Amino acid sequence: MATVVRTVRDAVAGATAALEAAGCDTPRLDAEVLIADALGVERAALHTDPDASLTPEAHAGVTERVRRRAMREPVAYIVGRRGFRGLELAVDPRVLIPRPETELLVEVWLELRAGSRVHDAGTGSGAVALAIADERPDLRVTASDASRAAVEVARANARRLGLPVEIALARGLPREARDADLVVANLPYVSEGEWPGLPPEIVDHEPREALVAGVDGLDAIRALVAEAPHGKRVALEHAPHQAAAVRSLLGDARTLRDLAGLERVTVGGVP
Ligand SMILES: C[S@@+](CC[C@H](N)C(=O)[O-])C[C@H]1O[C@@H](n2cnc3c(N)ncnc32)[C@H](O)[C@@H]1O
């Protein structure tokens, strides 16, 4: 007979056990985030009032969220949002969930002089462009993506957050972005061969075209560099093992390391 969940404490224990059994890496954290979302409270409230009773509706909401997570759907898609820098972005399966390592690009945009123009190519949810616009209102920020669905998500995020970023539908670098002082890009960089070995959260739920770029994963990056004007300054996110290859595409290149000490973003000029 199924256990009857009566309190927050029971719900957290039951969800944690179910998610652990499903192979989730952080079952307790995921359980708490999903339950807090279903109850419409902050996660901390689960700890301050663990004996609170669940209404039948709240219980149904928890059950549905835990069912989806047990199918290895990412928490961010289930709750429909993800934090990036100081922003809360709406995300859904049409866009990549922004990753913490992408925040490293901040080191590049913080160096720009007031009035500079920066373009974010492959903007996805709009994460990078919107964070720049939020943190550096003195810059002019534009963005683009090859996916129509991603452009819709990014534009909706820009509207909701009230950030003045124009977002175009374009593969590579749009013509109107070629006079930007800096192009930032977290384009796909997973190789065809790596894709099947990635976790189910990625392979079964995130858009393949947001992640995979050819045999060595560098097709989209190479194409962007090939069409950018000579001398254009670019900052490109990549996998650590691709750092030397990306540096070889650029002049005067340097690579920044992420918090784990891995080579993650290469900055340089287009030859
Ligand atoms: C790895 S995701 C990154 C999304 C976002 N920049 C972020 O960091 O969360 C790559 C994005 O680039 C887009 N994309 C893929 N190939 C592209 C190309 N050749 N030109 C422009 N955008 C591309 C995908 O649709 C996807 O939204």
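This is a predicted model, so every value here is computed, not measured.

About the criteria used
- Residues numbered from 1 in each chain as written.
- Predicted model: local features only at pLDDT ≥ 70, side-chain atom pairs only at ≥ 80, totals over all residues.
- Heavy atoms only, no water.
- Helix = DSSP H or I, 4+ residues; strand = E, 2+ residues; numbered from the N terminus.
- Rg over C-alpha atoms; globule rule 2.2 N^0.38 Å.
- Buried < 20%, exposed > 50% of the residue type's maximum accessible area, 1.4 Å probe, protein only.
- Contact = heavy atoms within 4.5 Å.
- Areas by Shrake-Rupley, 256 points an atom, 1.4 Å probe, with all protein chains shown as cover.
- Lys, Arg positive; Asp, Glu negative; His and termini not counted.
- Charge placed at Lys NZ, Arg CZ, Asp CG, Glu CD.
- Domains from an automatic or database assignment.
- Salt bridge = Lys/Arg side-chain N within 4 Å of Asp/Glu carboxyl O.
- Pairing = 2+ DSSP bridges.
- Right-handed = clockwise from strand over helix to strand, strands pointing away.
- Near = heavy atom within 4 Å.
- Polar contact = N/O pair within 3.5 Å; in protein donor to acceptor, adjacent residues only side chain to side chain.
- Nonpolar A, V, L, I, M, F, W, Y, C, P; charged D, E, K, R; others polar.
- Axes fitted to C-alpha atoms, helices over the stretch in contact; angles between N-to-C directions.
- Parallel < 35°, antiparallel > 145°, perpendicular 65-115°, else oblique.
- Left-handed = near helix turned anticlockwise from the far one by under 90°.

**Q** Before we move on, could you go through the overall build of the chain and cite the residues and values that matter?
**A** If you tally the helices and strands in the chain, you get 11 helices and 9 strands. Radius of gyration (C-alpha) of the chain: 21 Å, near the 18 Å computed for a compact globule of 271 residues. Here the C-alpha coordinates of the chain stretch approximately 70 × 40 × 35 Å along the principal axes. Every one of the 271 residues in the chain was classed for burial, and the buried ones make up 49%. Within the chain, residue pairs in contact and separated by at least 24 positions form 60% of the contacts whose partners lie at least 6 positions apart. Here the chain displays about 13000 Å² of accessible surface, and carbon together with sulfur accounts for 53% of that area. The positive charge centre, built from 33 side chains, and the negative charge centre, built from 41, are 3 Å apart in the chain.

**Q** Hey, could you go over the domain arrangement of the chain for me, with residue numbers and the actual values?
**A** You can read the domains of the chain as domain 1 (8-71) and domain 2 (81-269). The distance between the C-alpha centroids of domain 1 and domain 2 comes to 33 Å.

**Q** I'd like a rundown of the pattern of salt bridges, residues and numbers included.
**A** The tally for this structure, following the rule as stated, stands at 26 salt bridges. Between Glu227 and Arg178 there is a salt bridge, with the nearest N and O atoms lying 3.5 Å from each other. Of this pair, Glu227 sits in helix α10 (residues 219-227) while Arg178 sits in the loop between β5 (166-169) and β6 (182-185); the two residues are 49 residues apart in sequence, bridging distant segments of the chain. Between Glu263 and Arg247 there is a salt bridge, and its shortest N-O distance comes to 3.2 Å. One end of the pair, Glu263, is in strand β9 (residues 263-269); the other, Arg247, is in helix α11 (residues 243-249), and 16 residues separate them in sequence. Linked by salt bridges that have partners in common, Asp30, Arg69, Arg72 and Glu201 make up one network.

**Q** Pulling in residues and values, what's your account of the pairing of β5?
**A** Walk down a regular strand and you will see the side chains alternate between the two sheet faces. As paired strands, strand β4 (residues 140-145) and β5 are joined by 4 bridges and run parallel to one another. Bridge pairing in β5 places Thr142 opposite Glu166. In the classification by handedness, the crossover that spans β4, the intervening helix α8 (residues 148-161) and the parallel β5 is right-handed.

**Q** Lay out the site of the ligand in plain terms, naming residues and giving numbers.
**A** Around the ligand sit 17 residues, and of these Gly122, Asp145, Gly172, Asn186 and Ala210 come closest. Between a nitrogen atom of the ligand and a main-chain N or O atom of Ala146, the distance comes to 3.3 Å. One of the backbone nitrogen or oxygen atoms of Gly172 is found 2.7 Å away from a nitrogen atom of the ligand. Against a free-state accessible area of 590 Å², the protein chains account for coverage of 94% of the ligand. Within the shell around the ligand, the residues separate by chemical class into 7 nonpolar, 7 polar and 3 charged.

**Q** Report on the packing of helix α1 (residues 8-21) against helix α4 (residues 56-70), specifying residues and quantitative values.
**A** Their axes nearest at 9 Å, the elements α1 and α4 cross at an angle of 15 degrees. Relative to α4, α1 is oriented roughly parallel. The way α1 lies across α4 gives a crossing that is right-handed. Contact residues: Ala15, Ala18 and Leu19 in α1; Val66, Arg69 and Ala70 in α4. Taken together, the residues of the contact of α1 with α4 break down into 5 nonpolar, no polar and 1 charged.

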